[in-house]
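An overview of the molecular structure
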Amino acid sequence: MGFRAGRGIADITGETAECGLLGYGKADQQSAGLHTRQRARAFAFEEGWARLLLVVCELPLMSDAVVREVLRRLPEGYGAANVMLTATHTHCGPGGYFHHRLYNSNTGGFRAATFGAITDGITEAALAAIADLEPARLRLAQGELKNASVNRSRRAFDRNPAADRAHFPDAVDPATTLLTVERGGRLHAAVNWFATHNTSMTNRNRLVSADNKGYAALHWERTVAGVDHLAATAPELVAAFAQTNAGDMSPNLGLAPGLGPTGDQFENTRVIGLRQYEAAAALIGAGQPAVGERASEGEQASVGERASVGERASEGERASEGRRASEGEQGSKGDRAPGGSPDPGDEWASGAREISGGLDFRATHLHLSAVEVRPEFTGDQRPHRTSPPVGGAAAFAGARVDGPGFKGFRPGANPLWDAVSRRLVYPFAPALRDAQYPKALALPAGPVNRVVPVIPESAPVQLLRIGPLFLIGIPAEVTIVAGLRLRRTVAAIVGAALSDVLVAGYSNGYLHYVTTPEEYDAQEYEGGSTLFGRWELPALCQTVAGLATAMRDGTPVDPGSPEPAVPVRARRPRTAADAPHPGRRFGDVLDFSLIGRRATVAFVAAHPSNDLRRGGSYLFVERLCGDGSWARTADDGDWSTVFRWARSGGATSVATVTWNIPEGAEPGTYRISYHGDSPPKGPFTGVSEPFEVR
């Protein structure tokens, strides 16, 4: 009995204008355009009666409301136990898709349009993967990538025991793991897991972006494999870059927002993404450079893809300015990185091991506010109990390396909040003290939840097995040492190699951070965001031990009680009607320029949320063919294009399209078109004057 596998992909991009971007929690970080679209990539597996579905979503966080809605739409046989919906954790995706208010704090409430785009897209990708199930060979490979992450919370990490720190001598988790799906000697799908925050784009950026992991997937599919994401047919390759225990891992190698390996956030997104792609492609054994090897300062991994780093983008928004887009970004099938990552249409010889051994799954819902943790899991040989969620003062400071939080808060000591907690709260609440001390208590989310649902308290915890690979689904951001302890717990019970056990963070929901008790005591940002206290990790280790034991013994588990559905607080609808500029029509060209290898066109626009164009594009770059027709060469999902939208008056607005002309663009005559919609008049198109590319 062998594996059957299928893959699917769909657009999940929400509102690209005047919608708060989720991740950094900044009220002024409202969407104002699009750099790269967000996509859901689904992978279905089947062996005999057993079925699994993994969906990697280019979202900031995974919402329990999204999970509930998607599961409701899936066919019989797919449910909370064998379906994993996991987020890549971009911080530049439209928010408003939660039913808990904390996560909609900068969106004016629940955003039905964004929620619909996400749930429709995930469901579409999942159903496509299920329909695509065919006999397949699965391969698994592991390697290391050492120049795409840095520990952003070293003071907390150093509190861990020497044995744990010795496992990560550079204070980073360099493991990169690749699962591939092969049919008839052809590569059809790939999933990579690597721990680094998806925060190369800073909290100054206002363009929707899938960030570095999105770039890695886009590069492999579009540039290397020539996938056309707007084609009606299924793509030849679906490649996802998923998260693991990235809680304290940052891509900002210079230990400051937007810094490292360069000083430009867009270039950093490309470089860190490219490094993840290269590490994954190297695991296939197709002649890629050694992982972490530098090619001309480490940035020139793809022909023509090195972008000259020029001026930093004004306010962090001038994507691709001062640099050139990838030579292959238009997706011609012949474009490959040096050494040749396999084209999905080629026969290929993998350096990975073929896997067998079946599929299995266990899952439960854990009420994290009141878990009795047994002595064997607490570390001090005494029983302890978690508490209702409380946000610490350090949580409001933000992760300084990736993006500062709110003024008046800082990592570590917060004298005012510390004094209030230690003198006025902890002495009168011994159970709270045992669970939460030394946290400076700032947001008592547990009591607030009784009045207004601000955060969930039920944790979906999951264990999936694909042959020798075990995925621990945790709805939180797990630090590398916390992840190590979860992985060791499972590996010891099921008898797996530690390298074959991964934490799949950001999965099936979101409950903030998981730190070790030692890291918790430092009360850095991650510890302050470990909401259920210092015994949260031991409670999760105890839970995954139960799942692993049940999987080993072939016994069922109690599914627990999922987070109850909560009422939705919808935002007030947009009331301002669209209007063209005086004397103009929608789609009219206001300005055009061609400077060097950058073409820019400004159009009379309507609000992008009138039609999210999910599965489509707000723009096309087209080339004139010999027969007089126009052929599309780029759209708003390409790295070389940028779509910006801004109001120019109460009801008037401007859409600005930028095309950073790739070095490998075929010479000829081109034009740029913009596609909008203005109810009740309906859709419209604006087209630039033709221009020459030489």
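First, a word on what this report is: a plain description of the structure on this page. (Residues numbered from 1 in each chain as written. Predicted model: local features only at pLDDT ≥ 70, side-chain atom pairs only at ≥ 80, totals over all residues. Heavy atoms only, no water.)

Quick look at the pattern of salt bridges
Once their charged atoms are close, side chains differing in charge can pair, the charge on each being opposite to the other. Tallied over the full model, the rule gives 43 salt bridges. A salt bridge links R137 to E354, with the shortest nitrogen-to-oxygen separation between them at 2.7 Å. With a gap of 217 residues between them, R137 in strand 9 (residues 137-144) and E354 in strand 15 (residues 353-354) connect regions that are remote in the sequence. Among the salt bridges present, the one from R270 reaches E267, with a minimum N-O distance of 2.8 Å. (Salt bridge = Lys/Arg side-chain N within 4 Å of Asp/Glu carboxyl O. Helix = DSSP H or I, 4+ residues; strand = E, 2+ residues; numbered from the N terminus.)

What to know about the sheet that holds strand 7 (residues 92-94)
In space, the seven strands of this open sheet follow the order 7-2-3-30-31-27-26, with antiparallel pairing throughout. Only two strands of the sheet have a single partner each, and these edge strands are strand 7 and strand 26 (589-595). Ignoring strand direction, the axes of neighbouring strands in this sheet form an average angle of 35°. Two elements, strand 30 (residues 641-647) and strand 31 (residues 653-660), share seven bridges in a ladder whose sense is antiparallel. Among the inter-strand pairings, V642 is bridged to a residue of strand 31, identified as T658. (Pairing = 2+ DSSP bridges. Axes fitted to C-alpha atoms, helices over the stretch in contact; angles between N-to-C directions.)

Looking at the packing of helix 5 (residues 211-224) against helix 6 (residues 265-283)
Packed helices, taken two at a time, are described by the angle between their axes plus the distance between the axes. Interhelical geometry of helix 5 versus helix 6 gives an angle of 60° and a closest axis separation of 7 Å. It follows that helix 5 is oblique to helix 6 by the angle criterion. Relative to helix 6, helix 5 is oriented so that their crossing is right-handed. Contacts between helix 5 and helix 6 pair D211, N212, K213, Y215, A216, H219, W220 and V224 from the former with T269, R270, I272, G273, L274, Q276, Y277 and A280 from the latter. Grouping the constituent residues of the contact of helix 5 with helix 6 by class yields eight nonpolar, five polar and three charged. (Parallel < 35°, antiparallel > 145°, perpendicular 65-115°, else oblique. Left-handed = near helix turned anticlockwise from the far one by under 90°. Contact = heavy atoms within 4.5 Å. Nonpolar A, V, L, I, M, F, W, Y, C, P; charged D, E, K, R; others polar.)

Re the packing of aromatic side chains
All chains considered together, the criterion is met by 22 aromatic pairs. With a centroid separation of 6.0 Å and 80° between ring planes, the pair formed by Y103 and Y510 is classed as edge-to-face. Of this pair, Y103 sits in the loop between strand 7 and helix 2 (112-131) while Y510 sits in the loop between strand 24 (501-504) and strand 25 (513-514), and the two are 407 residues apart along the sequence. The class for Y103 is buried, based on a relative accessible area of 4%. Between the aromatic rings of Y426 and Y437, the centroid separation amounts to 5.4 Å while the plane-to-plane angle is 70°, which identifies the pairing as edge-to-face. Residue Y426 is located in the loop between helix 8 (415-425) and helix 9 (430-436), and its partner Y437 is located in the loop between helix 9 and strand 20 (441-443); the two are separated by eleven residues in the primary sequence. Aromatic ring contacts, followed pair by pair, group F586, F603, Y618, F643, Y674 and F684 into a single cluster. In this arrangement the basic side chain of K26 is found over the ring face of F406, its NZ or CZ atom lying 5.5 Å from the centre. Cation over ring: R534 sits above W535, and NZ or CZ is 5.0 Å from the ring centre. (Phe/Tyr/Trp six-rings, centres within 6.5 Å; stacked < 30°, edge-to-face > 60°. Buried < 20%, exposed > 50% of the residue type's maximum accessible area, 1.4 Å probe, protein only. Lys NZ or Arg CZ within 6 Å of the ring centre and 35° of its normal.)

These values are about where atoms sit, not about what they do.
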